[in-house]
Amino acid sequence: MAPSSPPRAAYYVQSPSHDDGENKTAASSFHSSPAASPPRSLGRASRDSSSSRFSASAKSRAAGAAGAGGGAVPTAGGGGGGRRAWAKEAAIEEEGLLGMDDDGDDDGRVRYGILFVGAFFGLFFFFALILWGASRNQRPVVTLQTVTFHRFVVQAGTDASLVPTEMASLNATVKLTFRNTGTFFGVHVSAEPVTLFYTQLQLAAGDIKYFYQARKSQRSLTVAVVGDKVPLYGGGSSLSSTPTTLPPPKKKMPSVVVPPPPVPLELTVRVRSRAFVLGRLVKPKFYSEARCSVTMDQTKLGKPVSLKKRCTYSH
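Cut-off values and rules
- Residues numbered from 1 in each chain as written.
- Predicted model: local features only at pLDDT ≥ 70, side-chain atom pairs only at ≥ 80, totals over all residues.
- Heavy atoms only, no water.
- Helix = DSSP H or I, 4+ residues; strand = E, 2+ residues; numbered from the N terminus.
- Contact = heavy atoms within 4.5 Å.
- Areas by Shrake-Rupley, 256 points an atom, 1.4 Å probe, with all protein chains shown as cover.
- Core = buried A, V, L, I, M, F, W, Y, C linked by side-chain atoms within 4.5 Å.
- Buried < 20%, exposed > 50% of the residue type's maximum accessible area, 1.4 Å probe, protein only.
- Salt bridge = Lys/Arg side-chain N within 4 Å of Asp/Glu carboxyl O.
- pLDDT = per-residue confidence, 0-100.
- Disulfide = S-S within 2.5 Å.
- Phe/Tyr/Trp six-rings, centres within 6.5 Å; stacked < 30°, edge-to-face > 60°.

Per an unreviewed UniProt entry, the recorded name for the protein is Late embryogenesis abundant protein LEA-2 subgroup domain-containing protein, and the organism is Digitaria exilis.

Structural data, given as structure tokens:
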């Protein structure tokens, strides 16, 4: 029998190529008749779908490799992951910069604090030095006024070890003034004993009690200087407290009474003053000393003797 239709030529169907160029599939189908075409068409669609899925997975792997290497431009499929990685790195860098800025601010505050404290103490000590220098030029002034001898007796006796010797007793009063010249500070005053010496032998002593003297003020002091039965041990062989009676130069004339000789003495006063200018940080000290040469005239006991031109002062 003659064929009802002429035979058809064979043809090939090739799937479209992909961008990566790695997986290319060619599918050829031989159709012998129109009735066989539908099944072959379904097979081609299935192969095209699987090829598309394989190509998409390959593209994803390529985009991930490019993002990790940093050299290729990310594709549309891998752009989201690249942007997330870049944002995370930028946030870490920003936090690091913020941390560095905070550390720098803390260091700056510490330095400024140290400089402020150092400047404060420097100015404070400079001010204290100025006050100390100013106070040194405002020394207290001690002036001795008078000395009054009330009693002077020399008599025989014995010392504490029962050694016979001449004994001297002296009672006197010394008047002096203390003036504080400080314009912005008071002074605390104490003194060594006020003494009366005969050559190098101390005959009497008296104490000045502690007192406080306000700024730009003065006071008068009266000190009792007393010596009771002071052993002379031959050092005061020329001392005498009794007058000497001489025979009359001529008959029928009264006897001549010679008063005891004057006794040269040295009066010594040492005063120590301390000021507290700035609390107890600035506390200058002042020392004043006075030495006076005075003669005790036993015929004028009880009368004040001026010391204005008889004293030498030192500081």
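Student: Help me understand the overall build of the protein in this model?
Tutor: When helices and strands are counted, the protein shows 2 helices and 15 strands. Pairs at least 24 residues apart make up 64% of the contacts formed inside the protein by residues separated by at least 6 positions. Roughly 21100 Å² of accessible area belongs to the protein as shown, and the carbon and sulfur atoms make up 59% of that amount.

Student: How should I be thinking about the nonpolar core in this particular structure?
Tutor: It is characteristic of soluble globular proteins that their nonpolar side chains tend to be buried jointly. Grouped together as the largest cluster of nonpolar side chains are 42 residues, with contacts concentrated most on Leu-144, Phe-149, Leu-170, Leu-196 and Leu-265. When residues of this core are traced back to their parent elements, those giving at least two are β3 (141-158), β4 (164-180), β5 (187-191), β6 (194-198), β7 (201-206), β9 (217-231), β12 (263-275) and β13 (285-296). If we ignore the near neighbours within four places in the chain, the residues touching Leu-144 are Lys-175, Leu-176, Leu-267, Val-269, Ala-290, Cys-292, Leu-307, Cys-311 and Tyr-313.

Student: Teacher, can you tell me more about the pattern of salt bridges here?
Tutor: Here the idea is simple: oppositely charged side chains can pair when their charged atoms come close. All told, the structure shown has 4 salt bridges when counted by the stated rule. In this structure, Arg-270 and Glu-192 form a salt bridge, with 3.6 Å as the shortest nitrogen-oxygen distance. Of the two residues, Arg-270 is situated in strand β12 and Glu-192 in the loop between β5 and β6; the sequence distance between them amounts to 78 residues. Classification of Glu-192 as partly exposed rests on a relative accessible area of 38%. As a salt-bridge pair, Arg-270 and Glu-289 come within 3.3 Å of each other at their nearest N and O atoms. Here Arg-270 is found in strand β12, whereas its partner Glu-289 is found in strand β13, with 19 residues between them in sequence. Each of the salt bridges in this network shares a partner with another, and the network as a whole consists of Glu-192, Glu-266, Arg-270, Glu-289 and Arg-291.

Student: How should I be thinking about the environment of Lys-285 in this particular structure?
Tutor: Relative to the helices and strands, Lys-285 is located in strand β13. Judged by relative accessible area, Lys-285 falls into the partly exposed class, the value being 37%. Along the primary structure Lys-285 and Arg-272 are separated by 13 residues, whereas in three dimensions their C-alpha atoms are 7.3 Å apart.

Student: It is not clear to me how the confidence of the model for the protein should be interpreted in this structure. Could you clarify?
Tutor: The predicted coordinates ought not to be read in detail in places where the model reports low pLDDT. Of the residues in the protein, 64% reach a pLDDT of 70 or more, and the chain-wide mean stands at 74. Counted against residues more than four places away or in other chains, residues 18-78, with its pLDDT under 50, gives 37 contacts.

Student: Teacher, can you tell me more about the state of the cysteines here?
Tutor: Two cysteines, two sulfur atoms, one covalent bond between them: this is a disulfide. Scanning the entire structure with this criterion turns up 1 disulfide. Shown here is the disulfide that connects Cys-292 with Cys-311, its sulfur atoms set 1.8 Å apart. Its S-S torsion of approximately 105 degrees makes the covalent link between Cys-292 and Cys-311 right-handed. Taken as a pair, Cys-292 in strand β13 and Cys-311 in strand β15 (residues 311-314) lie far apart in primary sequence, 19 residues in all. Both residues of the pair, Cys-292 and Cys-311, count as buried.

Student: Looking at this model, I keep getting lost on unusual backbone geometry. Mind explaining?
Tutor: Comment: phi is negative for the bulk of residues other than glycine, and the bulk of peptide bonds are trans. Despite not being glycine, Lys-216 shows a phi value in the positive range, around 50 degrees. Position of Lys-216 relative to the elements: it lies in the loop between β8 (211-213) and β9. One non-glycine residue, Lys-229, adopts positive backbone phi at about 50 degrees. Mapped onto the elements, Lys-229 comes out in strand β9.

Student: Even after reading the chapter, I still don't get the packing of aromatic side chains, so can you show me in this structure?
Tutor: Aromatic ring pairs are described here by two measures, namely the spacing of the ring centres and the angle between the planes. Tallied over the full model, the rule gives 3 aromatic pairs. Each ring, one from Phe-178 and one from Phe-211, has its centre 5.5 Å from the other, and the planes form 85 degrees; the classification is edge-to-face. One end of the pair, Phe-178, is in strand β4; the other, Phe-211, is in strand β8, with 33 residues separating them in the sequence. The exposure class of Phe-178 is buried, given its relative accessible area of 2%. Arranged with centres 5.1 Å apart and planes meeting at 75 degrees, the rings of Phe-184 and Phe-185 form a pair that is edge-to-face. A connected cluster of aromatic rings, assembled from ring pairs, spans Phe-184, Phe-185 and Phe-286.

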